[in-house]
Amino acid sequence: MSVVEVRNLYKKFGKFHALNGVDLTLNQGEIYGFIGPNGAGKSTTIRILLGILKASGGRASIFGKDTWKDAVEIHKRLAYVPGDVNLWPNLTGGEVIDLFVGLRGGDTKRKREELLERFALDPSKKCRTYSKGNRQKVALVAAFASDPELFIFDEPTSGLDPLMEQVFQEYVQEAKDAGKTVLLSSHILSEVEKLCDRVGIIRQGEIIESGTLSELRHLTRTNLLVETKKLIPLIGEVKGIHNVGEDGQTLSFQVDAEELDSVIRHVSQYGILKLESAPPTLEDLFMRHYEHKQETNTGGNS
C-alpha cells in the first residue's frame, strides 16, 4: 500500500522551474532514499509534501489525502526533522520534546528516556545553549518518541558525530521493522546505501533514476584491482575501462558493467595473479550521474 504518492509534480518560482514533473511513490514499511545536490529540488518536494508550499501543477498525497488541503490531518500522523532545526530559545530541550510528543498523545515516557540516553542529550538545558548537533538531537528524540506512521527526514544527521549517526540509523531500522514508512533525504550516501530499500536521484527538478540499489547499480562501474604476470599495454584504451591507477604490476580501475566480461577476458591473457572486485557503491552511482555536470561547470574556470 502506498503511503506517499507524487505524480507529475511541478513548482515554479517566477520563471524558475524548481520541480519539473516529479513522480515519487513510498510504500508502507519502506525506507526511500532521496538524493541529489543542493538546489536539485529535494527540499522543495519535501515542503510540498508537508503542505508548506503549494504545487504549481500535478498532485501530491499522503495517506490518500491532499498534502495542501489536508495538511493538518496529515501532520497528526507524521514526524518531520529538517537539516537545521530552530527551537524556542527559552524552552528547555525536554519541554520542546514534551510539546511535540504531547501533540500526538499517548504515554511515551519510557521511550523518551531511552532516546535521551541513547542520543546523549541533556533535556534540562535551554535550547539557546544547544549546539547545532544538540538541536538535531532534540528534533530526532521528539520524532522517534512520537511514534508516527511516516517519518520525513531532510538531512537529519547534519551536525551529528558518527556515533550519533549510528544511533539514528538504528532507530530508523527499528521504525521500518515496526512497519513505519521513512523518506530520507541525505547527503551521506553511505547512510542512504545502508538503510534504504529504494532510491530516487533528483537533478535539476527531475527524478533521473529511481529503483532498488541492485536495479540502479547496472548504471555504474565495478571497481577492479588486478595483478598480472605480464604488463598490460594501453589498459586505459580498452573499451569500458576508466580511472586507471598503477602501482608496479598492480592496476586499479573501474569497468562499465556491460563491458565487465570482455575486460576480464582481455586482462586474463596477461596471466592473472590477483583479482579483487568491489561492487559499485551508491557514491559511484551518484558521482557518475553528476560528473558530466561538474566537468561542464568547472571546464570554463582558469
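Within each chain, residues carry numbers counting from 1 in the order of the written sequence. Selection of residues for local features in this predicted model requires a pLDDT of at least 70, selection of side-chain atom pairs for listing and counting requires 80 or more, and totals for whole chains, interfaces and linings are taken over all residues. Computation of side-chain values covers all heavy atoms of the structure but excludes hydrogens and water.

### Things to note about the overall build of the protein
A run of H or I in DSSP becomes a helix once it reaches four residues, and a run of E becomes a strand once it reaches two; helices and strands are each numbered from the N terminus. Counting secondary structure elements, the protein contains 10 helices and 14 strands. Taken along the three principal axes of its C-alpha coordinates, the protein extends 70 × 45 × 45 Å. Counting only residues that meet the buried cut, the protein has 46% of its 302 residues in that class. We call two residues in contact when some of their heavy atoms are within 4.5 Å. Put simply, 68% of the contacts in the protein that link residues at least 6 apart link residues at least 24 apart. Throughout, the Shrake-Rupley method with a 1.4 Å probe supplies accessible areas, and for residues the shown protein chains are the sole cover considered. Total accessible area on the protein stands at roughly 15,200 Å², and carbon and sulfur atoms take up 49% of it. A positive count includes Lys and Arg, and a negative count includes Asp and Glu. His and the chain ends are not counted in either. All charge positions are set by atom: Lys at NZ, Arg at CZ, Asp at CG, Glu at CD. With 38 positive and 42 negative side-chain charges, the protein shows a separation of 6 Å between the mean positions of the two kinds. Between buried and exposed lies partly exposed: a residue is buried under 20% and exposed over 50% of the maximum accessible area for its type, with that area taken using a 1.4 Å probe on protein chains only.

### A look at the sheet that holds strand β11 (residues 221-228)
If you trace the 4 strands from one edge of the open sheet to the other, you get β12-β13-β11-β14, paired in antiparallel fashion. Every interior strand has two partners, whereas the edge strands, β12 (241-247) and β14 (272-278), have only one. Sheet twist, expressed as the mean angle between neighbouring strand axes with direction ignored, is 20 degrees. Each pair of strands is called paired provided DSSP finds at least two bridges between the two strands. Sheet analysis places β11 next to strand β13 (residues 250-256), joined by 7 bridges and oriented antiparallel. Bridge pairing in β13 links Arg 221 to Asp 256. Interaxial angles span 0 to 180 degrees and are taken between N-to-C directions of axes, which are lines fitted to C-alpha atoms, for helices over the stretch in contact.

### Quick word on the nonpolar core
Only buried residues count toward a nonpolar core. Its members are Ala, Val, Leu, Ile, Met, Phe, Trp, Tyr and Cys residues joined through side-chain atoms within 4.5 Å. Among the nonpolar cores identified, the biggest contains 45 residues, and Phe 119, Phe 144, Phe 153, Phe 168 and Val 199 are the most heavily contacted of them. Take this core: its biggest share by element is 8 residues, from helix α5 (residues 132-146). Apart from the residues within four sequence positions on either side, Phe 168 is in contact with Phe 119, Leu 140, Phe 144, Phe 153, Pro 156, Thr 157, Leu 184, Glu 191 and Leu 195. Listed in part, the 25 residues of the second largest apolar core include Val 6, Leu 19, Tyr 32 and Ile 202.

### A look at the packing of aromatic side chains
Aromatic contacts are taken between Phe, Tyr and Trp rings whose centres are within 6.5 Å, Trp giving its six-membered ring; a plane angle under 30 degrees counts as stacked, one over 60 as edge-to-face, and the others as tilted. This model, assessed by the stated rule, comprises 8 aromatic pairs. The interplanar angle of 20 degrees and the centroid separation of 6.0 Å between the aromatic rings of Phe 119 and Tyr 171 together place this pair among those described as stacked. Here Phe 119, found in the loop between α4 (109-118) and α5, pairs with Tyr 171, found in helix α6 (residues 162-177); they are 52 residues apart in sequence, far enough to count as distant. The exposure classification of Phe 119 matches that of Tyr 171, with both residues buried. Their ring planes at 35 degrees and their centres at 5.5 Å tell us that Phe 144 and Tyr 171 sit as a pair that is tilted. Taken as a pair, Phe 144 in helix α5 and Tyr 171 in helix α6 lie far apart in primary sequence, 27 residues in all.

### Observations regarding the pairing of strand β7 (residues 150-154)
Among the 5 residues in β7, 5 count as buried, and that is most of the element. Side-chain alternation along β7 places Leu 150, Ile 152 and Asp 154 on one buried face and Phe 151 and Phe 153 on a second face that is also buried. Both strand β6 (residues 78-81) and β7 contribute to a ladder of 4 bridges, which runs parallel. From the neighbouring strand, Leu 78 faces β7, where its bridge partner is Leu 150. As judged from the 5 bridges shared by β7 and strand β8 (residues 181-185), these two strands associate in the parallel manner.

### Some words on the domain arrangement of the protein
For every domain, the bounds stem from an assignment made automatically or drawn from a database. Structurally, the protein comprises domain 1 (2-211) and domain 2 (221-279). Computed over C-alpha atoms only, the centres of domain 1 and domain 2 are separated by 42 Å.

### A short note on α5
The end-to-end C-alpha distance of α5, which contains 15 residues, comes to 21 Å, matching closely the 21 Å that a straight helix rising 1.5 Å per residue would cover. Among the 15 residues of α5, 12 are classified as buried, and the element is accordingly described as predominantly covered. Along α5, the residues classified as buried are Gly 133, Gln 136, Lys 137, Val 138, Ala 139, Leu 140, Val 141, Ala 142, Ala 143, Phe 144, Ala 145 and Ser 146. The inward-facing, buried residues of α5 contact β6, α3 (93-102), α4, β7 and α6. Of the residues trailing α5, Asp 147 is marked for its positive phi of about 55 degrees. By definition here, a helix of n residues has an expected span of 1.5 Å times n minus one.

### A look at the sheet that holds strand β1 (residues 2-13)
Ordered in space as β2-β1-β4-β5, the 4 strands form an open sheet in which the pairing is antiparallel. Both edges of this open sheet fall to β2 (16-27) and β5 (65-66), since each of them pairs with a single strand only.

### Thoughts on the pattern of salt bridges
One speaks of a salt bridge when a side-chain nitrogen belonging to Lys or Arg is within 4 Å of a carboxyl oxygen belonging to Asp or Glu. All told, the structure shown has 15 salt bridges when counted by the stated rule. Between Arg 198 and Glu 30 there is a salt bridge; the shortest N-O distance is 2.7 Å. Here Arg 198 is found in strand β9 (residues 198-203), whereas its partner Glu 30 is found in the loop between β2 and β3 (31-35), with 168 residues between them in sequence. The exposure class of Glu 30 is buried, given its relative accessible area of 9%. Across the pair Lys 132 and Asp 84 runs a salt bridge whose closest N-O atoms are separated by 3.7 Å. A residue pair is termed long-range when its members are at least 10 positions apart, and Lys 132 in helix α5 and Asp 84 in the loop between β6 and α3 qualify at 48 residues. Under the relative-accessibility criterion, Asp 84 is labelled partly exposed at 46%.

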